[in-house]
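Overview (structure and organization)
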Amino acid sequence: MVANILEDYVALLASKGFRLSDGDLHFIDFGRLYTEATESQVKIALEVTLIKQLSFDGSYFIALLESFVKEDVRSKKRAYELLDLLQSNREINHSCTVG
């Protein structure tokens, strides 16, 4: 597992009663290696995943990490801006119909 920022965040979650399983922790580390994400990007993706999904969802987490790496997201503010943009694009695409 990546040290410091991520471990501190996982410890904070545990102190509040939210524990990730060993499998979740290994998957998070796998995601970091797979996407070559920074520790900060992993922490932000984990936090957003837990807030949006209300639990750890591996596929959502990986999708976020891939987007964060591609768009060079380095802050929570930028992460939420990107999520808003992606959501807007999805809504536009769903509202377009072929006659």
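Described below are features of the structure shown in this document. Note that the coordinates shown come from a computational prediction; the quantities given were computed from them, not determined experimentally. (Residues numbered from 1 in each chain as written. Predicted model: local features only at pLDDT ≥ 70, side-chain atom pairs only at ≥ 80, totals over all residues. Heavy atoms only, no water.)

1. A closer look at the overall build of the protein
This is how the line gets drawn: A run of DSSP states H or I qualifies as a helix once it reaches four residues; a run of E qualifies as a strand once it reaches two. Both are numbered from the N-terminal end. Note on classification: 1.4 Å probe, protein chains only; a residue is buried when its accessible area is under 20% of the maximum for its type, exposed when over 50%, partly exposed between these limits. Two residues qualify as a contact provided that any one of their heavy atoms is within 4.5 Å of a heavy atom in the partner residue.
Helix and strand content of the protein: 5 helices and 0 strands. Tracing the protein from N to C terminus, the helices and strands come up as α-α-α-α-α. Buried residues in the protein amount to 33% of all 99 residues. A sequence separation of at least 24 residues applies to 61% of the contacts in the protein between residues at least 6 apart.

2. Observations concerning unusual backbone geometry
Among all residues except glycine, the phi angle is most often negative; among peptide bonds, the trans geometry is most common. Notably, E36 is not glycine yet its phi reads approximately 55°, a positive angle. Summarising the element assignment, E36 is placed in the loop between α2 (22-35) and α3 (39-53). The class for E36 is exposed, based on a relative accessible area of 70%.

3. Remarks on the packing of aromatic side chains
We count it as follows: Only centres within 6.5 Å qualify two rings of Phe, Tyr or Trp (six-membered ring in Trp) as a pair; their planes then separate them into stacked at under 30 degrees, edge-to-face at over 60, and tilted for everything else.
Applying the stated rule across the entire model yields 4 aromatic pairs. With centroids separated by 5.7 Å and ring planes inclined at 45°, the aromatic side chains of F27 and F30 adopt a geometry described as tilted. Within this pair, F27 and its partner F30 are both found in helix α2, separated by 3 residues, close to a single helical turn. Its relative accessible area of 29% is what places F27 among the partly exposed residues. Judged by relative accessible area, which is 44%, F30 ranks as partly exposed.

4. A look at the environment of S67
In this structure, S67 sits in helix α4 (residues 58-70). Between the C-alpha atom of S67 and that of A45, which follows or precedes it by 22 residues, the distance is 9.6 Å.

5. Thoughts on the pattern of salt bridges
Rules: Salt bridge criterion: a side-chain nitrogen from Lys or Arg within 4 Å of a carboxyl oxygen from Asp or Glu.
One pass over the full model with this rule turns up 6 salt bridges. Note that K77 and E81 form a salt bridge whose closest N and O atoms lie 3.8 Å from each other. Of this pair, K77 and E81 both sit in helix α5 (residues 76-95), 4 residues apart, roughly one helical turn. When salt bridges that share partners are traced, they join K43, E47 and K76 into one network.

6. As for the packing of α3 against α4
Definition in use: The convention used is that axes are lines fitted to C-alpha atoms, helices contributing only their stretch in contact, and that angles between N-to-C directions extend from 0 to 180 degrees. Convention used here: angles under 35 degrees read as roughly parallel, angles over 145 as roughly antiparallel, angles from 65 to 115 as roughly perpendicular, and any remaining angle as oblique. When the near helix sits turned anticlockwise from the far one by under a right angle, the crossing is termed left-handed; a clockwise turn instead gives a right-handed crossing.
At a closest axis distance of 9 Å, the pairing of α3 and α4 adopts a crossing angle of 135°. Classified by the angle between their axes, α3 and α4 sit oblique to one another. At the point where α3 passes α4, the crossing takes the right-handed sense. Listed contacts from α4 to Q41, V42, I44, A45, L46, V48, T49, K52 and Q53 of α3 are Y60, F61, L64, L65, F68 and V69.

7. Some points on the packing of helix α1 (residues 5-15) against α3
Formally: Just so you know the grouping, Ala, Val, Leu, Ile, Met, Phe, Trp, Tyr, Cys and Pro go in nonpolar, Asp, Glu, Lys and Arg go in charged, and all remaining residues, Gly too, go in polar.
Running from N to C, α1 and α3 cross one another at 25°; their axes reach a closest spacing of 8 Å. Comparing their axes, α3 and α1 come out roughly parallel. Of the residues in α3, those touching α1 at I5, L6, Y9, V10 and L13 are E39, V42, K43, L46, E47 and L50. Looking at side-chain class alone, the contact of α1 with α3 contains 8 nonpolar, no polar and 3 charged residues.

Worth remembering: the numbers are spatial, not functional.
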